[in-house]
Amino acid sequence: MSHIPTLADEIENLLPQTQCTKCGYAACRPYAEAVAAGDANYNQCPPGGMEGVARLAALLGKPVIPLNPVNGVERPRPVAVIDESLCIGCTLCIQACPVDAIVGAAKHMHSVVPDLCTGCDLCVAPCPVDCIAMVDLTPGKTGWAAWSQQQADAARERHQFRIFRLRRDKEENDARLAAKAAAKLKAVEAESTLTPEEKAAQERKKAIIQAAMERARLQKEKMAAMPAPATTTMNDLSRGVRKQVADINSKLDEQANDQQ
């Protein structure tokens, strides 16, 4: 059964997918949904520039209005550059990048893959040593003149895959912790007790572990009740993006081997 695009889908398709949050939302998709619902205006995307406003206005049947300066200004597309001599390998920039465009390992130098960087600026603020600069990559070209639909589509795929990867990693880690807690509880229950004090200590241990397991269970139920992200897997990504992801993974493997 073919998917019938919603208004939010159509709006999202007109956004540059930089995932920069300048619109006031966590990513391009939430902003698209807010515009579709009437909760946000269609002039809040600086990376799309005035052409982006015009595209959204045409879709929505509304007049072209200026970009809201509260959200930023239209500018040439920048790319993040890391001063490798200052980088301390804290990984905060990697955690902040919405499209996995930064590679590196903990306590080792990081670097930006320029072709993957969307110029979102999100890696700059978390850096504790101020070693990241945003450099204009398209002098004289701003908005959609500095960014192609192909680049936008690839950035969206990488962002969706990152959401999928982070959720998968969290679920796997939660499962490991749950198994560890269950094993610990079993070990505590198997302990022989000789005195009332030891019995009380055993009960306290059991209560702590059971409380932790209950918190984990409630968190799992909460996660399950949340709307599922786009079910993106490696097979869903274009060949070009799969190669980019593979190149990043290869670099990470090389750095991990260097640490051994």
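This is a predicted model, so every value here is computed, not measured. (Residues numbered from 1 in each chain as written. Predicted model: local features only at pLDDT ≥ 70, side-chain atom pairs only at ≥ 80, totals over all residues. Heavy atoms only, no water.)

Participant: It is not clear to me how the side chain of glutamine 19 should be interpreted in this structure. Could you clarify?
Facilitator: In this structure, glutamine 19 sits in the loop between α1 (7-13) and α2 (28-37). A polar side-chain atom of glutamine 19 sits 2.9 Å from a polar atom in the side chain of glutamine 17. At a separation of 3.0 Å, a polar atom in the side chain of glutamine 19 contacts the main-chain amide nitrogen of cysteine 28. Excluding anything up to four places from it in sequence, glutamine 19 contacts Ala27, Cys28, Pro98, Val99, Cys120, Leu122, Arg156 and His159. (Helix = DSSP H or I, 4+ residues; strand = E, 2+ residues; numbered from the N terminus. Polar contact = N/O pair within 3.5 Å; in protein donor to acceptor, adjacent residues only side chain to side chain. Contact = heavy atoms within 4.5 Å.)

Participant: In this structure, what is going on with the packing of aromatic side chains? I would like to understand it.
Facilitator: Aromatic rings considered in pairs are described by the distance between their centres and by the relative angle of their planes. Evaluated as defined, the whole model comprises two aromatic pairs. Ring plane angle 35° and centroid distance 6.0 Å describe the contact between tyrosine 25 and tyrosine 31, whose orientation is recorded as tilted. Given a relative accessible area of 1%, tyrosine 31 falls into the buried group. With centroids separated by 5.7 Å and ring planes inclined at 40°, the aromatic side chains of phenylalanine 161 and phenylalanine 164 adopt a geometry described as tilted. Of the two residues, phenylalanine 161 and phenylalanine 164 are both situated in helix α5 (residues 149-190); the distance of three residues between them amounts to about one turn of the helix. Of the residues examined, phenylalanine 161 reaches a relative accessible area of 8% and is grouped as buried. Here the basic side chain of arginine 55 rests over the ring of tryptophan 144, its NZ or CZ set 4.1 Å away from the ring centre. (Phe/Tyr/Trp six-rings, centres within 6.5 Å; stacked < 30°, edge-to-face > 60°. Buried < 20%, exposed > 50% of the residue type's maximum accessible area, 1.4 Å probe, protein only. Lys NZ or Arg CZ within 6 Å of the ring centre and 35° of its normal.)

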